[in-house]
Amino acid sequence: MISLKSKTKKLDEPIKDKAGFLDYLIILIIGIILLYPIIWMFMAAFKSNEEIFGTVALFPNKWLFKNFVEGWKGSAGYTYTRFFANTALMVFPTTILTLISSTLVAYGFARFEFPFKKLLFTILLAMMMLPNTVVIIPRYMLYNRFQWIDSYMPFYAPALLCCNSFFPYMLIQFLRGIPRDLDESAYIDGCGTFKTLIEILLPLMKPALFSAGLFQFLWTYNDYFNSLIFVNSVRKYPISLAVRMSLDSESVVQWGKVMAMACVAVLPLMILFFAAQKYFVEGIATSGMKN
Amino acid sequence: MRKKSFTKRSYQAYLYLLPWFIGLVVLQLVPFVSSFVYSFNDYTVGSKLDFVGLANYVKLFTKDKDFWNSLKVTILFALYTVPGKVILALLVAMFLNRNIRGINAVRTLYYIPSLFGGSVAIALLWRLMFMDNGVVNAMLSKLGFGSISFLGDTKLALPTICLLEIWQFGSSMVMLLAALKNVPKELYEAADIDGSGKITKFFHITLPQISPILFFAILNQNIQELQNFTSPYTITGGGPMKSTNVLGILLYKEGFSYFKMGYASAISWIEFAIILVFTLVLFGSSKFWVHYADE
């Protein structure tokens, strides 16, 4: 498949086919169409129902900041402070466990020779195609037996046990690009394999780990299906379930309030994305991404 | 080549693979087999397995009116979104594959919708925008068109949801753009000398060169979209008249609202079978259009 060598630098190389005014215009129009819904969402967060449904105007006539204040209060007795804390408690350990387990597994595959390696690697790749839906019911029964339902263990356990092959695969590809001489000389110098990994390879793997971490963060943060199934009590709701609940809990939906909380929900992703966009975009460009 | 045998180093390797191997057995292979077994049983939370043979499947195929509809809707969902997303991604990537100032910024901005893949917040936004009295209809009427019941019409609800998925073409685009940049320029120069036209160049150079990545994109999108749940569940809840009731929703309701785990497992295996068939067809077709450089 695709190697993770950084080839994206080529983007800035001059290409014969130069873009003209018309091209820039088309780029702008596509951009506006793509981003308009998000800008509209942000503006709708300040509007009343009358404005949301009555007009096409983008900017609100009257800026209702109280949508955010009211929305933040949440429902069923819990505020968004709680829901954000829950989300953090769900997402951060999941991300960190994923990075630890996939580093170990990637190291095992990329730097060691052992019997059945080829078979095991094929299984690793094949598991990328195993749909979540076909294992979700037995997993639910298993977690139920462990009394893990309504906790975040159903997120931590697959992360710890490296169940999403995408991450070790991504790191294996990256490790293949790091010369073996580096760790082999450390090994000959008397470093154990684990020490070699921690002291020699880990610092070099930072960019790949960062990309992998970002994607696991994003996917866990956005995940709805698993949260819906495994988290039952409002006290433990992550943001995704809370946003959905804001719709169901009222007889007349104040959409401005719902959109305010939708904005609040996507804001961390936007900040993260702009702070680390290089890792996002290059992570996809070089590893053959899903989603 | 080092000789592969059970050395001290190979035992260490197994130690590194241990977390994955436990996960593979406990959370993947055993559940995979279990759900197959469940599908032949009457089974709910807290009860014992009660073997019923093919009864769940027979009921699905002959008695459950929702099933055939859901099957159709799921396949349509994938047939609309996957080509829509991939073709749009390819077109935009090809358009951007030229000397553009600030290309990185453009790439970043176009990627933003993909950031929210599967996000409830964005699905709610879609629901609000496409309501009968929503902003899209307000715009249409400003432009002199009649209002359209996007989410209330059984024919339009599914395409409207698919539009949300297609809107998130950014990650496929970034991948394809990287692939396009890697096509050796000499190939195009040689084609220019031969006097080949744009279309010839596309089919004889561009497409074969980027085909492995295109294939990978289609394969992944397909697996994802056949399992989609969040968008239809949040935007229409499966309606109107079950016209967006994908298998994922059916499975969720049977399994996690009624806790009919055996029946839901049968649904999950049908879903798995569809994904498998689509995947095998794709792999089968790859012989004819996917070209690997090292072959």
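Each chain carries its own residue numbering, running from 1 in the written order of its sequence. Lettering of chains starts at A and numbering of ligands starts at 1, both following the order in which they are written. The model is predicted, so local features are restricted to residues of pLDDT at least 70 and side-chain atom pairs to those at 80 or more, both for listing and for counting; the totals for chains, interfaces and linings are taken over all residues. Neither water nor hydrogens contribute to the side-chain values; these are computed over all heavy atoms in the structure.

Secondary structure assignment for chain B yields 13 helices and two strands. Reported as C-alpha extents along the three principal axes, the dimensions of chain B are approximately 75 × 70 × 30 Å. Per-residue burial over chain B gives 56% buried out of 295 residues. The contact criterion used is simple: two residues touch if any of their non-hydrogen atoms lie within 4.5 Å. Intrachain contacts of chain B at a sequence separation of at least 6 include 70% that bridge at least 24 residues. Think of it this way: Lys and Arg go in the positive column, Asp and Glu in the negative one, and His and the chain ends go nowhere. The location of each charge is read from NZ of Lys, CZ of Arg, CG of Asp or CD of Glu. Charged side chains of chain B number 25 positive and 16 negative; the gap between the two group centres comes to 6 Å. Secondary structure elements are taken from DSSP: a helix is a run of H or I of four residues or more, a strand is a run of E of two residues or more, and numbering for both begins at the N terminus. Exposure is judged per residue with a 1.4 Å probe applied to protein chains only, and the accessible area is read against the type maximum: over 50% gives exposed, under 20% gives buried, and values in between give partly exposed.

It is worth spelling out the interface of chain A and chain B at this point. Of the residues lining the interface, 106 residues belong to chain A; the matching set on chain B comes to 104 residues. When two components associate, each loses some accessible surface as probed by a 1.4 Å sphere; the sum of these losses over both components is called the buried area. Buried surface at the junction of chain A and chain B, summed over both partners, amounts to about 9,800 Å²; 73% is from carbon and sulfur atoms. Counted as salt bridges are all cases of a side-chain nitrogen of Lys or Arg within 4 Å of a carboxyl oxygen of Asp or Glu. Inspection of the region where chain A meets chain B yields one salt bridge. A salt bridge links B:Arg98 to A:Asp23; its shortest N-O distance comes to 3.3 Å. Here a polar contact is recorded for every N or O atom pair within 3.5 Å, except that within protein the pair must consist of a potential hydrogen donor and a potential acceptor, and residues adjacent in sequence are included only if both atoms are side-chain atoms. Connecting chain A to chain B are 20 residue pairs in polar contact (both at pLDDT 80 or more).

Our next topic: the packing of helix H4 (residues 80–111) of chain A against helix H13 (residues 239–248) of chain A. Working convention: axes come from line fits to C-alpha atoms, limited for helices to the stretch in contact. Angles between N-to-C directions cover 0 to 180 degrees. Two elements in contact, H4(A) and H13(A), have axes separated by 8 Å at closest approach and are oriented at 150°. Counting all contacts with H4(A), which are made through A:Tyr80, A:Phe83, A:Phe84 and A:Thr87, the residues of H13(A) involved are A:Ile239, A:Ala242, A:Val243, A:Met245 and A:Ser246.

All names here are of chain A. The contact between H13 and helix H14 (residues 255–275) brings their axes to 9 Å, and the two run at 175°. As summarised for this structure, H13 and H14 are arranged roughly antiparallel, according to the angle between their axes. For the pair H13 and H14, the contacting residues are Ile239, Val243, Ser246 and Leu247 in the first and Trp255, Val258, Met261 and Ala265 in the second. A per-class count over the contact of H13 with H14 returns seven nonpolar, one polar and no charged. Angle categories: roughly parallel below 35 degrees, roughly antiparallel above 145, roughly perpendicular from 65 to 115, and oblique for all the rest. Side-chain classes follow a simple rule in which Ala, Val, Leu, Ile, Met, Phe, Trp, Tyr, Cys and Pro form the nonpolar group, Asp, Glu, Lys and Arg form the charged group, and the remainder, Gly included, forms the polar group.

Residues and elements named next belong to chain A. Each domain's limits were defined by an automated method or a database of domain assignments. Under the domain assignment, chain A is made up of domain 1 (18–64) and domain 2 (78–287). Across the contact, nine residues belong to domain 1 and ten residues belong to domain 2. When residues of domain 1 are sorted by the area they lose upon contact with domain 2, Met41, Ala45 and Asn49 head the list and together hold 63% of the total. Taken together, the connections running from domain 1 to domain 2 amount to two residue pairs in polar contact (both at pLDDT 80 or more). Taken together, the elements giving at least two residues each to the side of domain 1 that touches domain 2 come down to helix H1 (21–44) and helix H2 (49–54). In terms of residue count, the dominant contributor to the side of domain 1 that touches domain 2 is H1 (four residues).

For the rest of this paragraph, the subject is the nonpolar core. Residue types Ala, Val, Leu, Ile, Met, Phe, Trp, Tyr and Cys, when buried and joined through side-chain atoms within 4.5 Å, form a set referred to as a nonpolar core. Grouped together as the largest cluster of nonpolar side chains are 195 residues, with contacts concentrated most on A:Phe109, A:Met259 and B:Leu96. Counting residues domain by domain, this core receives three or more from each of domain 1 (18–64) and domain 2 (78–287) of chain A. Excluding residues within four positions of it along the chain, B:Leu96 makes contact with A:Ile27, B:Ile103, B:Val106, B:Tyr110, B:Met173, B:Leu177 and B:Lys181.

Here we take up a nonpolar patch on the surface. Residues forming no salt bridge and having over 30% relative accessible area are the ones grouped into patches, like charges within 9 Å of each other and nonpolar side chains (Val, Leu, Ile, Met, Phe, Trp, Tyr) within 5 Å. Here the Shrake-Rupley method, with its probe set to 1.4 Å, supplies the accessible areas, and only the displayed protein chains count as covering residues. Together, A:Phe21, A:Leu22, A:Leu25, A:Ile26, A:Leu28, A:Ile29, A:Ile32 and A:Ile33 make up a nonpolar patch on the protein surface, roughly 810 Å² of accessible area in all. Its place among the elements puts A:Phe21 in helix H1.

With omega at -10°, the peptide bond leading from B:Gly239 into B:Pro240 counts as cis. Structurally, B:Pro240 can be placed in the loop between helix H11 (230–235) and helix H12 (247–257). Positive phi, normally seen in glycine, also occurs at A:Gln147, with a value near 60°. Among the secondary structure elements, A:Gln147 is positioned in the loop between helix H6 (132–145) and helix H7 (153–160).

Once that is clear, we can look at the packing of aromatic side chains. Between 30 and 60 degrees the pair is tilted, below 30 it is stacked and above 60 it is edge-to-face, where a pair is any two Phe, Tyr or Trp rings, Trp via its six-membered ring, whose centres lie within 6.5 Å. Evaluation of the coordinates by the stated rule reveals 53 aromatic pairs over all chains. With a centroid separation of 5.1 Å and an interplanar angle of 45°, the aromatic rings of A:Phe46 and A:Phe68 are classed as tilted. Of this pair, A:Phe46 sits in the loop between H1 and H2 while A:Phe68 sits in helix H3 (residues 66–72), and the two are 22 residues apart along the sequence. For A:Phe46, a relative accessible area of 6% puts it in the buried group. When the ring centre of A:Tyr187 is taken as reference, the NZ or CZ atom of B:Arg9 above it lies at 4.7 Å. Positioned over the ring face of B:Tyr263 is B:Lys59, at 4.4 Å from the centre of the ring. Sitting over a ring, as applied to charges here, requires NZ of Lys or CZ of Arg to be within 6 Å of the ring centre and within 35 degrees of the ring normal.

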